[in-house]
Amino acid sequence: MRSKKLSSILGLVITFVSFVANAQNDVSLWLTKADKSVLFTKQKRILKFAGIKNNNPTIVVDEKEPFQSIDGFGYALTGGSAQHLIKMSPKARAALLKELFATDGNNIGVSYIRLTIGASDLNEKVFSYNDLAEGETDLEQTKFELGPDRIDVIPVMKEILSINPNIKIMGSPWSPPLWMKTSYDARGGMLKPEFYEAYAKYFVRYIQDMGKEGIHIDAVTIQNEPLHPGNNPSLLMVAPDQAIFIKNNLGPAFQKAGLKTKIIIYDHNADRPDYPITILNDPDARKYIDGSAFHLYGGEIEALTDVHNAYPDKNIYFTEQMVIEDPNENRINILSPIKRLIIGATRNWSRNVLEWNLAADPENKPFTDRGGCPMCQGAVTIDEDKVTRNLAYYSIAHASKFVRPGSLRIASSEPKELSNVAFKTPDGKKVLIVANSGKNAQTFNISFNGKLLSDTIDNGDVATYIW
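Residues numbered from 1 in each chain as written. Predicted model: local features only at pLDDT ≥ 70, side-chain atom pairs only at ≥ 80, totals over all residues. Heavy atoms only, no water.

**Student:** Honestly, the pattern of salt bridges in this entry has me stumped. Any pointers?
**Tutor:** When the charged atoms of two side chains lie near each other, side chains of opposite charge can form a pair. This structure, assessed with the given rule, holds 22 salt bridges. Across the pair K33 and D461 runs a salt bridge, and its minimum N-O distance is 2.7 Å. In this pair, K33 is assigned in the loop between β1 (26-32) and β2 (41-42) and D461 in the loop between β20 (451-457) and β21 (462-466), connecting sequence segments 428 residues apart. No difference in accessibility class separates K33 from D461, as the two residues are buried. (Salt bridge = Lys/Arg side-chain N within 4 Å of Asp/Glu carboxyl O. Helix = DSSP H or I, 4+ residues; strand = E, 2+ residues; numbered from the N terminus. Buried < 20%, exposed > 50% of the residue type's maximum accessible area, 1.4 Å probe, protein only.)

Put into structure tokens, the structure is as follows:
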């Protein structure tokens, strides 16, 4: 009897071990098809690694070769985005924010938000937190007030934090208060050297006052697109001036105030890697700097690796790219943002990918006059309580839901026309994002730990594999 009981127990143990081993070999698949027949949907078929052999192209995933840690994926929560969200009914807004920021079910788990410090070009009107009449000054920031953000950005951000308290938040200014500039104009101009110290205090007050609202600013960039003074608002800030501001004013001000907020430089296109490298060449500025941020309206994404190679101890971030589509088209160009941004930026050392921007209305409003962006489509289009999901929504979702903060990018080979990037998550799962950039459907293998999985995706399709 005892022998039979032991045999029964042993059989159960073997069955359980076999079940666990098979479960670990199961691979789930989320797919977006270029013909719009499937939009970021979990597929019912279960894929498995096995000892198969064939001559198909193979993506070899190697977790023994780690690269950078990942902070997250997401969007800019512009004032315009928050304006549309706050006008929704509470029930509709809660449902949309859960879909965007939670990770369970079909929710997409956005994990990184970029806020604008003051107005951006996607606000109804230009403002700063210390607007004064021309000729007036406030060197100690005694009149600093988050005012306009208290109407929409702050309450929306608090709702987001109730869903994901650990979301990473970056702040970026489009312009200082007009009284600090060489021209009393929201567009262009430069920061007057006599107001460097006051502007450093402006940053400190922003971080401290947002902190009092329960909103922790993890990082700031010094200036959005410092080489594009034609936007409204905007500021021209050349590299030598940014270095001086950081080393003499902003860095010491953060240190004095006990702020741990990261200082990130540049925040502009990949065509000028010399800009961040010039600043990092200054050791007095470099000691305060966490890393460099990039957009991709110009240049090549590989420039991020050039900056990483020059200063491998400094981080790389990808902070903005407008991603738009014609909703009347019968295909979705999911391939482009996945290949260029999600895959391209992370394979070139970026710790995050942020797209521009979270929400707009059917006319892409609001935007400022004299330099705003009438073509900037949101990841979601909000028309009262009606929500339409756009290209930026699906492209971020393929990474944000599964590649959680603290994940590591790991090595993966790149067969021709099968762009991809791989990650290992904090709980040990592997995530592989694959884009078929060829003209035909491709059958290919994923190789991991000596075993193969075979699958086929059509041209223009994007697949995320998780095991």
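**Student:** In this structure, what is going on with the sheet that holds strand β8 (residues 219-221)? I would like to understand it.
**Tutor:** Strand pairing within a sheet occurs via backbone hydrogen bonds; the two strands may be parallel or antiparallel. Strand order in the open sheet made by the eight strands is β11-β10-β9-β8-β7-β6-β5-β12, with parallel pairing throughout. On the outer flanks of this sheet lie β11 (315-320) and β12 (352-355), each paired with one strand and no other. If you compare each strand with its neighbour and ignore which way they point, the axes differ by 30° on average. In this structure, strand β5 (residues 72-77) lies alongside β12, joined through four bridges in parallel fashion. When the bridges of β12 are listed, F73 appears paired with V353. Strands β8 and β9 (262-270) of the sheet are contacted by helix α6 (residues 239-257), whose axis makes an angle of about 150° with β9. Strands in contact with helix α10 (residues 335-347) are β5, β10 (291-299), β11 and β12; relative to β12, the strand with the most contacts, it is inclined by about 145°. (Pairing = 2+ DSSP bridges. Axes fitted to C-alpha atoms, helices over the stretch in contact; angles between N-to-C directions. Contact = heavy atoms within 4.5 Å.)

**Student:** How should I be thinking about the state of the cysteines in this particular structure?
**Tutor:** Following the criterion strictly, the structure yields one disulfide and no others. With its sulfur 2.0 Å from that of its partner, C373 forms a disulfide with C376. Handedness of the C373-C376 disulfide follows from its S-S torsion of about 90°: it is right-handed. C376 matches C373 in its accessibility class, with the two residues each being buried. (Disulfide = S-S within 2.5 Å.)

**Student:** When you look at empty space enclosed by the protein in this model, what are you seeing that I'm missing?
**Tutor:** Any empty space left between the atoms is revealed when a probe the size of a water molecule rolls over them. Applying the stated criterion across every chain, the model contains one cavity of 30 Å³ or more. What the largest cavity holds in volume is close to 40 Å³. M190, L191, Y196, L235, L236, M237 and D241 are the residues that line the largest cavity. (1 Å grid on protein atoms, 1.4 Å probe; cavity = no way out; pocket = protein on both sides within 12 Å on 5 of 7 lines; lining within 4 Å. Points joined across faces, edges and corners; volume = space filled by probe spheres on them.)

**Student:** Please clarify how the packing of aromatic side chains should be interpreted in this entry.
**Tutor:** The description of an aromatic ring pair rests on the distance of the ring centres and on the angle between the ring planes. Per the stated rule, a full pass over the model turns up 24 aromatic pairs. Centroid distance F49 to F448: 6.2 Å. Interplanar angle 45°. Geometry classified as tilted. Here F49 is found in the loop between β3 (47-48) and β4 (58-69), whereas its partner F448 is found in strand β19 (residues 442-448), with 399 residues between them in sequence. Classification of F448 by relative accessible area gives buried; the value is 10%. Here a set of aromatic residues connected by ring pairs shows up, and it is made of F127, Y129, F144, Y196, Y199, Y202, F203, Y206 and F245. Cation over ring: R409 sits above F67, and NZ or CZ is 4.0 Å from the ring centre. (Phe/Tyr/Trp six-rings, centres within 6.5 Å; stacked < 30°, edge-to-face > 60°. Lys NZ or Arg CZ within 6 Å of the ring centre and 35° of its normal.)

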